[in-house]
Amino acid sequence: MEKVVSLCKRRGFIFQSSEIYGGLASAWDYGPLGVELKRNVKDAWWKAVVHHRDDVVGLDTSILMHPRVWEASGHASHFSDPFVKCPACGRYFRLDKIWDEIWAGLWFQSLLQECSGDRDLRAFLKWAKGKGKELAPNLALVKDPEVTLSFIVDLHEKFQGVNLDFKNFVGRIASDNAGLAKTPCPSCGNSLPQEHVAANLMLKTVLGPVEESGEKIYLRPETAQGIFVNFLNVLDTTRKRLPFGIAQIGKSFRNEITPGNYTFRTREFEQMEIEYFCLPSEAERIHEEWIHHRFRWYVDLGIKKENLRLRPHDPDELAHYAKACTDIEYNFSFSTKGGSASGGGWSELEGIANRADFDLKQHAQYSGKDLRYQDNLTNEKFYPYIVEPSGGVDRAMLAFLVDAYSEEAVQEETRTVLKLSRQLAPIKVAVLPLLKKNSEIVQTAKKIKNDLSKHFMTVYDDTAAIGKLYRRQDEVGTFYCVTVDVKSLEDHQITVRDRDTMRQERIPMEGLVRYLREKFEKI
């Protein structure tokens, strides 16, 4: 992940927002290549779920909505996360994410590295009196190591040598003076309070030029509600019959307590959502179909199948109205959900939920409008069930970047390559003059670039030696490099280099577009 983050900054994929002012936490700007990749991700999604289907139409709704929308949806009263505040360092943590934060935290990973394996108590003492003081100054093990370790030894002997699991062990090294286990702060190690408070995750703003008299509204926390309130508009104008879906890509905002992990969890993000309306009797089957359709989309765009998994939600995870929900998860190199148990990085890319008929019923109740669907054949009126595939553009883009990142040994050097798919690669072709001081070569190369730009995303680059230019294009995932050399002026041929194989082929200039088109069709 560190290498991907470095590459994204160095090559212009992603920048820290407001960087010249020190940056804004968990806010990111997409650079010249990042915006191309992000656009390609959205275009690939739109083609797959709208253009290539007859049963889904598109929509683009406003970020600002009537406040009653969020009362109806439940966000105004229930869209909150319980959190705790560390009394020592003042940081906030989501209650349901604390153990994931501890596992991924600097001090625990340091402790794990120093003390795992066949080590005795001296390793813990050494860590507590060394790195522990720097990384977790408020941890009981660091403040009073001998006493804290004696509690663990007593417990070990009391239960006849039974090993402690992760949570019990961590609780013991954070124990109080009486030896009772406590939950430590993922940042400084101090014991966290048992009391927690709820934090509303919606971002507020004021509609109107004068704040005192303006109407308090919210930046939408999801795009779905804009689809639900336009259900009748779409139904009346398109004359769609069940089953059918409405798709939308748009910005959403959530006042996350603990955003982080690069672009994975941010307060401003872009969603790709479908609300698919169907007969209640068909909802279970359609839910399964969408799960497999959406899983296949990630694989078709290049993500390795072994790095993806389907995780059905347990009953206690489901929203009160949901019949079922399955997440498509990617194995990132950071630890989030499930990380504390396994040390892995399985994290949600997309959720596919069977929302039953909750949403339209709620909006009908709060708006006073009849939002039932009427069957033209039977004249029966009812609320359709809704299957919702909901994914994040930013998360998907991060997964594609991580999965495409590759390092190869070439002639005792390391070649970094982004093996992005044809659909996603931000640059398809780069035209490179072998000698930038030769005006004829440069003129020929620029003409080729201009011709290719009518067919493919093409760039021209003459800012380095040819070997360095190749490596630069490899790093950003460019499929083909076209090199114009001295001989090209004589025989009207150019050299085409393949990104993945590095194989070079000499072909006539006039057949270049056809050659590349045939190559892309085979990928």
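(A) Structural context of the overall build of the protein chain. Across its full length, the protein chain carries 21 helices and 23 strands. Taking the principal axes of the C-alpha coordinates as reference, the protein chain spans close to 85 × 75 × 50 Å. By residue count, 50% of the 523 residues in the protein chain fall in the buried class. Looking at the protein chain alone, contacts between residues at least 24 apart form 65% of all its contacts between residues at least 6 apart. Distance between charge centres in the protein chain, computed from 72 positive and 74 negative side chains, equals 3 Å.

(B) Spatial organisation of the sheet that holds strand β13 (residues 346-354). Taken in spatial order, the seven strands line up as β3-β9-β10-β16-β13-β12-β11 in an open sheet, and their pairing is mixed. On the outer flanks of this sheet lie β3 (56-58) and β11 (308-312), each paired with one strand and no other. On average, each strand axis in the sheet is tilted by 25° relative to the strand beside it, whichever way the strands run. The sheet contact formed by strand β10 (residues 268-278) and strand β16 (residues 385-392) spans six bridges and is antiparallel.

(C) Local environment of the sheet that holds strand β19 (residues 429-433). Ordered in space as β20-β19-β21-β22-β23, the five strands form an open sheet in which the pairing is mixed. Edge strands, defined here as strands with exactly one partner in the open sheet, are β20 (458-460) and β23 (504-508). Across the sheet, the mean angle from the axis of one strand to that of its neighbour is 25°, orientation sign disregarded. Taken together, the four bridges between strand β21 (residues 480-484) and strand β22 (residues 493-498) define a ladder with antiparallel strand orientation.

(D) Local environment of the environment of Y480. Along the chain, Y480 falls in strand β21. The buried category is assigned to Y480, whose relative accessible area is 3%. With sequence-adjacent residues up to four places away left out, Y480 is seen in contact with K428, V429, A430, V496, R497, D498, L516, K519, F520 and I523.

(E) Main features of the environment of D474. Topologically, D474 is positioned in helix α19 (residues 466-475). The buried category is assigned to D474, whose relative accessible area is 1%. Apart from the residues lying within four places of it in its own chain, the contact partners of D474 are R415, T416, V417, L418, R497 and R499.

(F) Quick look at the side chain of T223. For T223, the location among the structural elements is in the loop between β8 (215-219) and α12 (224-228). The exposure class of T223 is buried, given its relative accessible area of 1%. A polar contact is formed between the side chain of T223 and the side chain of E273, at a distance of 2.5 Å. Non-local contacts of T223, meaning those with residues more than four positions away in its chain, are made with T61, Q248, G250, K251, S252, Q271 and E273.

(G) Local environment of the side chain of D485. Summarising the element assignment, D485 is placed in the loop between β21 and α20 (488-491). Owing to a relative accessible area of 14%, D485 belongs among the buried residues under this scheme. Of the polar contacts made by the side chain of D485, one reaches the side chain of S488; its length is 2.8 Å. A polar atom in the side chain of D485 sits 2.9 Å from the side chain of R506. Leave out the neighbours within four places in its chain, and D485 touches L434, I441, T495 and R506.

(H) Structural detail: a nonpolar patch on the surface. A surface patch of nonpolar side chains, amounting to about 220 Å² of accessible area, comprises L434, L435 and V486. Tracing the backbone through its elements, the reader meets V486 in the loop between β21 and α20.

(I) Main features of helix α21 (residues 512-522). Among all positions in α21, only L512, Y515, L516 and F520 are buried. Across the axial projection of α21, the buried residues extend over an arc of 130°, all falling on one side. Summarising the geometry of α21, the exposed residues directed more than 90 degrees from the buried face are R514, E521 and K522. Each element contacted by the buried residues of α21 is listed here: β19, α18 (439-452), β21, β22 and β23.

(J) Up close: the packing of aromatic side chains. For the structure on display, the rule yields 19 aromatic pairs. Considering the side-chain rings of W45 and W46, the 6.1 Å spacing of their centres and the 45° angle between planes classify their relative orientation as tilted. Taking relative accessible area as the criterion, W45 reaches 1% and is therefore assigned buried. Between Y373 and F382 the ring centres are 5.8 Å apart and the planes differ by 65°, which places this aromatic pair in the edge-to-face class. Classification of F382 as buried rests on a relative accessible area of 12%. Taken together, F456, F479, Y480 and F520 form an aromatic cluster joined through their ring pairs. Sitting over the face of the ring of Y470, R497 holds its NZ or CZ atom 4.5 Å from the ring centroid.

(K) Examining the packing of helix α2 (residues 32-51) against helix α17 (residues 393-404) more closely. Between α2 and α17, whose axes approach to 10 Å, the crossing angle comes to 110°. By the angle between their directions, the pair α2 and α17 is classed as roughly perpendicular. When α2 is examined against α17, the residues G34, L37, K38, V41 and K42 are found in contact with a partner set consisting of V393, D394, A396, M397, F400 and L401. Of the residues that constitute the contact of α2 with α17, the class distribution is seven nonpolar, one polar and three charged.

Conventions and cut-offs
- Residues numbered from 1 in each chain as written.
- Predicted model: local features only at pLDDT ≥ 70, side-chain atom pairs only at ≥ 80, totals over all residues.
- Heavy atoms only, no water.
- Helix = DSSP H or I, 4+ residues; strand = E, 2+ residues; numbered from the N terminus.
- Buried < 20%, exposed > 50% of the residue type's maximum accessible area, 1.4 Å probe, protein only.
- Contact = heavy atoms within 4.5 Å.
- Lys, Arg positive; Asp, Glu negative; His and termini not counted.
- Charge placed at Lys NZ, Arg CZ, Asp CG, Glu CD.
- Pairing = 2+ DSSP bridges.
- Axes fitted to C-alpha atoms, helices over the stretch in contact; angles between N-to-C directions.
- Polar contact = N/O pair within 3.5 Å; in protein donor to acceptor, adjacent residues only side chain to side chain.
- Patch = residues over 30% accessible without salt bridge, like charges linked within 9 Å, V, L, I, M, F, W, Y side chains within 5 Å.
- Areas by Shrake-Rupley, 256 points an atom, 1.4 Å probe, with all protein chains shown as cover.
- Salt bridge = Lys/Arg side-chain N within 4 Å of Asp/Glu carboxyl O.
- Arc of directions from axis to C-beta.
- Phe/Tyr/Trp six-rings, centres within 6.5 Å; stacked < 30°, edge-to-face > 60°.
- Lys NZ or Arg CZ within 6 Å of the ring centre and 35° of its normal.
- Parallel < 35°, antiparallel > 145°, perpendicular 65-115°, else oblique.
- Nonpolar A, V, L, I, M, F, W, Y, C, P; charged D, E, K, R; others polar.

Everything listed here is a matter of coordinates, which is why it stays silent on function.
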